[in-house]
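An overview of the molecular structure
Each chain is listed here by its residues.
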Amino acid sequence: MTDLLDPPVQLPPVHEEVHGHDHEEHHGPTGILKWLTTTDHKIIGLSYTVTSVIMLIIGGIFAEIIRAQLATPNGSLVSLAQYNELFTMHGSVMIYLFAGPFAFGALANIMVPIQIGAPDMAYPRLNALSYWLYLTGAITMLSGFFTAGGAANFGWVAYAPLSNSVNTPGTGADLWIGGLLLTGFSAIFTGVNLCATIFYLRAPGMTMFRMPIFTWNMLVTAILILLAFPVLTAGLIMLYCDRHFGTHIFSVQGGGVPVLWQHIFWFWGHPEVYILALPFFGMATEILAVFSRKPVFGYKGMVFATLTIAALSLGVWAHHMFTTGVVLLPFFSIMSLLIAVPTGIKIFNWIGTMWRGEIWFSTAMLMAIGFVVTFLIGGLTGIYLASPPLDFFTHDTYFVVAHFHSVVMALVLAAMGGLYYWGPKITGYLLNERIGKLQFWFLFIGTQVFTFPQYALGLDGMPRRVAVYPHDPQWKWLNDWSTFGAILIGISTVLFVVNVAVSWKKYPAGDNPWDAQTLEWFTTSPPPHHNFYRLPPIRSERPTWDYNHPEHRSIEHGTDHEVPLEKEPIS
Amino acid sequence: MKTEAKLLLGLGTFFGLMCAVYWNWSLEDAGGVMMFCGMLLCFIPGSYYWWWSRHMKPRAEDDPNATQAQGAGFIATFPGTSIWPFTLGMGAFFVVLALVFGIWFLIPGLFLVAWALFGGTAEGRRGGKH
Ligand code: HEM
Ligand SMILES: [Cu+2]
């Protein structure tokens, strides 16, 4: 097709209500009013980024206190009651307020429209509403610490009957429920928005099977959000009714079924772990391809693996409930083990992407490689847990804690990779690579030092969610190492903050500092209002690369290779 | 539009099968109902897209050979700035606080929600604030 050789097309101005019709001069409110009234996905995404990174830091501080308490068997840094609040709020902040919102509110919100060549999200005002619900939800949940009874203390899973009004009276628990209702709706609205954007606002030529893997993963994540979050919201409303309106949905006394809460919670909860994981898989995939200077290996296989993971993830929830004794063990075991297959395909594809590439070990790349290694460890231990006999042995021990920390710390590695990789696109400035690499080593080594002793502790029978433990020299020794790992992770976070401060507006990035492949690197850094002045022809899943490297252009769709292309500088 | 439709219909079919196996095997209702609803949630929009994919002209984004020039013209209407999402968010915040601290928080909450709904709708009609 000859149009591949045409210069990029100047985009028509996007129609905007009442506004003037040119991109550059966007007059509008400034300062705080701008923040309150914006509907621009990039500004909303930036608010999400800042808020969720603050949540990561708050959750991290809770974690450091927990580890300090566990450094000695009879630690007295916090009381037993405070300890319960701390592990509950650590888990809640990390899962509900950091990992999810960072993935779909921050990076996806900014990058998905740009990756598919759209001017904004499909529903900009709904997008703004999502952010306000997230922010108020976070404030609501955390404000439990300022109430007389303290914050919620029934674990991030709020199991019945512990979470009823007799066992957990107090406003902290209600604030937790309320905060979760708000953030839950925020997630649902973002899910709707992402689906609509990806289905309806792609640029010409951007067929579904040319979307970047990150966008694909966000689409699948959005579908999972829509399947899972309403279940959690419904469950929370039932829990609230049990607590305040005298219903007995989850209490035996009134004829209810406590285990129903677990069904509802994990029917949301397991898809949720993939809602958390898939976006970060997407980030890592993009980074690995760009810094190996190769296209994603097995693009379609990657997409189908993502879809298979999503499909299966709806049928595995009760692997968290094996020990209740009332679930169909073989079904859930088989389904959980099956998930390992597409996950394995992904690992091989990541290795295939790097294989014989010209690898550039930038900070983002190191983070992505660290992600693959750490995720592999977490995924493999997940397979152990999916086997009921092994799970009966390890359930509610530190082995489970170690399993999910391997996976979620892998996600943190990918998240940091995403910030180093896409940060320059959002802000226009690069981060310092030296500090970045230092941060990587602290984070990567810290993660392994943190989790490995926990695997051993778990196999040795140390239960989770305890503030004190028996005097056993070996347990003490292993816990000390774990605490040491946590300190290394803490230092890595400090290094990140230092890096942001040190590199503040120092290293201008230019439009495409990594010689990357996808559409977001075709526009300016930061992108203009409504994202693009012009778009290149889209003939493969890496249009920017095709445009900048005519010699490597994919020959899908019968490209005529002979005709040279006048390369125009991208402004 | 075809790919989008197939994606959702495929997922829905899988959930349907999984639901049938699970429900018949476990006789446990909560999971069965939830998977059944999951299936519906895929089938309803999926069949809508399928219907449209057969009734509309292929869009430029579904055409592997589309040129950017084909995308020229009207894309969609995007609002400029708007205060109503913030108002609505604050309204929702107060409604939730009413769940925790007492019913009287509903007064500012519902007021803000109603105000935002009227304001937002009117803004949509009028064509936004400058
Ligand atoms: C190969 C895929 C995976 C399998 C087979 C698997 C399996 C399991 C099983 C069986 C448990 C329950 C253990 C118990 O409580 O006794 C568990 C717990 C957990 N997993 Fe995974 N997992 C996998 C991947 C993931 C991923 C990707 C994440 C997160 C992004 C994750 C996060 C968690 C969390 C947070 C828990 C603990 C929940 C709690 O607080 O009880 N897992 N996993
Ligand atoms: Cu699970």
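Residues numbered from 1 in each chain as written. Chains lettered and ligands numbered in written order. Predicted model: local features only at pLDDT ≥ 70, side-chain atom pairs only at ≥ 80, totals over all residues. Heavy atoms only, no water.

Residue and element names in this part refer to chain A. Around ligand 1, the surrounding shell holds 21 residues, and the nearest of these are Trp156, Asp391, His395, His403 and Arg464. At a separation of 2.5 Å, an oxygen atom of ligand 1 approaches a polar side-chain atom of Asp391. Here an oxygen atom of ligand 1 sits 2.5 Å away from a polar atom, N or O, in the side chain of His395. Per-element accounting of the shell around ligand 1 gives the leading share, 5 residues, to helix 12 (residues 398-427). Looking at the shell around ligand 1, its residues break down into 11 nonpolar, 7 polar and 3 charged. (Near = heavy atom within 4 Å. Polar contact = N/O pair within 3.5 Å; in protein donor to acceptor, adjacent residues only side chain to side chain. Helix = DSSP H or I, 4+ residues; strand = E, 2+ residues; numbered from the N terminus. Nonpolar A, V, L, I, M, F, W, Y, C, P; charged D, E, K, R; others polar.)

To continue, consider the coordination of the iron atom of ligand 1. All names here are of chain A. On the protein, His403 (NE2) is the one donor atom to the iron atom of ligand 1, at 2.1 Å. Between the iron atom of ligand 1 and the copper ion (ligand 2) the interatomic distance amounts to 4.5 Å. On the secondary structure map, His403 appears in helix 12. (Donors = N, O, S within 2.8 Å, 3.2 Å for Na, K, Ca; no water.)

If you look at the interface, chain B gives 67 residues, while chain A gives 74 residues. In total, chain B and chain A occlude about 6100 Å² of area from one another, counting both sides; carbon and sulfur atoms represent 75% of this. For the interface between chain B and chain A, the tally reads 3 salt bridges. Two residues, Asp62 of chain B and Arg202 of chain A, come together in a salt bridge whose shortest N-O distance is 2.9 Å. Elements with a contribution of two residues or more to the side of chain B that touches chain A: helix 1 (2-26), helix 2 (29-55), helix 3 (84-101) and helix 4 (106-126) of chain B. Classifying every residue of the side of chain B that touches chain A by side-chain character gives 39 nonpolar, 20 polar and 8 charged. (Contact = heavy atoms within 4.5 Å. Buried area = accessible area lost by both parts, 1.4 Å probe. Salt bridge = Lys/Arg side-chain N within 4 Å of Asp/Glu carboxyl O.)

Quick look at a nonpolar patch on the surface now. Taken together, the side chains of Ile334, Leu338, Val341 and Ile345 of chain A together with Val21 and Trp25 of chain B make up a nonpolar region of the molecular surface, amounting to roughly 530 Å² of accessible area. Only helix 9 (329-354) of chain A together with helix 1 of chain B provide two or more residues apiece to the nonpolar patch. Per element, the largest residue contribution to the nonpolar patch is 4 residues, and it comes from helix 9 of chain A. One can find Ile345 of chain A in helix 9. (Patch = residues over 30% accessible without salt bridge, like charges linked within 9 Å, V, L, I, M, F, W, Y side chains within 5 Å. Areas by Shrake-Rupley, 256 points an atom, 1.4 Å probe, with all protein chains shown as cover.)

This brings us to the side chain of Thr518 of chain A. All names here are of chain A. Mapped onto the fold, Thr518 is located in the loop between strand 3 (507-508) and strand 4 (534-535). Separated by 2.8 Å, the side chains of Thr518 and Glu520 make a polar contact. Not counting residues within four places of it along the chain, the set of residues in contact with Thr518 comprises Gln115, Pro212, Glu286, Tyr421, Glu541 and Thr544.

Moving on, we get to the confidence of the model for chain A. All names here are of chain A. Per-residue pLDDT for chain A averages 89, and the proportion of residues at 70 or more is 92%. This model gives residues 1-6 a pLDDT under 50, and the stretch forms 20 contacts once residues within four places in sequence are excluded. Contacts from residues 15-25, a stretch scored under 50 in pLDDT, to residues over four places away or in other chains number 34 contacts. (pLDDT = per-residue confidence, 0-100.)

Glancing now at the packing of helix 5 (residues 171-200) of chain A against helix 6 (residues 213-244) of chain A. Geometrically, a packed helix pair is captured by the angle between its two axes and the distance between the axes. Residues and elements named next belong to chain A. Interaxial distance between helix 5 and helix 6 falls to 8 Å at its minimum, and their mutual angle equals 155°. With respect to each other, helix 5 and helix 6 are oriented roughly antiparallel. Where helix 5 crosses over helix 6, the two elements pack in a sense that is left-handed. Residues that form the contact of helix 5 with helix 6 fall into these classes: 26 nonpolar, 5 polar and 2 charged. (Axes fitted to C-alpha atoms, helices over the stretch in contact; angles between N-to-C directions. Parallel < 35°, antiparallel > 145°, perpendicular 65-115°, else oblique. Left-handed = near helix turned anticlockwise from the far one by under 90°.)

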